[in-house]
Amino acid sequence: QVQLVESGGGLVQPGGSLRLSCAASGNIFRINTMGWYRQVPGSQRELVATITRGGSANYADSAKGRFTISRDNAKKTVYLQMNSLKPEDTADYYCNADVMWSGFGEVYNYWGQGTQVTVSS
């Protein structure tokens, strides 16, 4: 099995910064795309940013220019640096990863348990 464990959420004032981390562990041969999504209670989970194994990043319009996704393949970890945070960024943030158990090509998708981010004065 594979586990994704997020950390770094919390309460921050508008205009502040937070850095989220997500570490993968378990039966992992290789991790392909990793990403961050967020969800407000009562709403659908939405994309924040994704990053390929080679480092190509993709951002939601709401994240462009303020958030930066990065990863450390050796540590099996993905990060989300969030700057200039706004109250509307308040949500539960979830890590996502496409994981290969072996070199035979099957890819399995996993989610973390989520970390709460609250932006409020």
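Residues numbered from 1 in each chain as written. Predicted model: local features only at pLDDT ≥ 70, side-chain atom pairs only at ≥ 80, totals over all residues. Heavy atoms only, no water.

**A few points about the side chain of Thr50**
Piece 1. Positionally, Thr50 belongs in strand E5 (residues 46–51).
Piece 2. Overall, the relative accessible area of 16% leaves Thr50 in the buried class.
Piece 3. Here Thr50 is in contact with Thr33, Met34, Gly35, Tyr37, Ser56, Ala57, Asn58 and Ile69, once residues within four sequence places are set aside. (Helix = DSSP H or I, 4+ residues; strand = E, 2+ residues; numbered from the N terminus. Buried < 20%, exposed > 50% of the residue type's maximum accessible area, 1.4 Å probe, protein only. Contact = heavy atoms within 4.5 Å.)

**Some remarks on the sheet that holds strand E7 (residues 67–72)**
Piece 1. One open sheet holds the 4 strands; their spatial order is E1-E3-E8-E7, and the pairing between them is antiparallel. Strands with a single pairing partner mark the edges of an open sheet, and in this sheet they are strand E1 (2–7) and E7. Going from strand to strand, the sheet's axes swing by 15° on average, the running direction of each strand aside. (Pairing = 2+ DSSP bridges. Axes fitted to C-alpha atoms, helices over the stretch in contact; angles between N-to-C directions.)

**Details of the pattern of salt bridges**
Piece 1. What the rule picks out here adds up to 4 salt bridges.
Piece 2. Between Arg38 and Glu46 there is a salt bridge, with the nearest N and O atoms lying 2.7 Å from each other.
Piece 3. Taking the relative accessible area as the measure of exposure, Arg38 reaches 7% and is therefore buried.
Piece 4. Judged by relative accessible area, Glu46 falls into the partly exposed class, the value being 35%.
Piece 5. Note that Arg66 is salt-bridged to Asp89, the shortest N-O span being 2.7 Å. In this pair, Arg66 sits in the loop between strand E6 (57–59) and E7 while Asp89 sits in the loop between strand E8 (77–82) and strand E9 (91–100), placing the two residues 23 residues apart along the sequence. Of the two residues, Arg66 and Asp89, both sit in the buried class. (Salt bridge = Lys/Arg side-chain N within 4 Å of Asp/Glu carboxyl O.)

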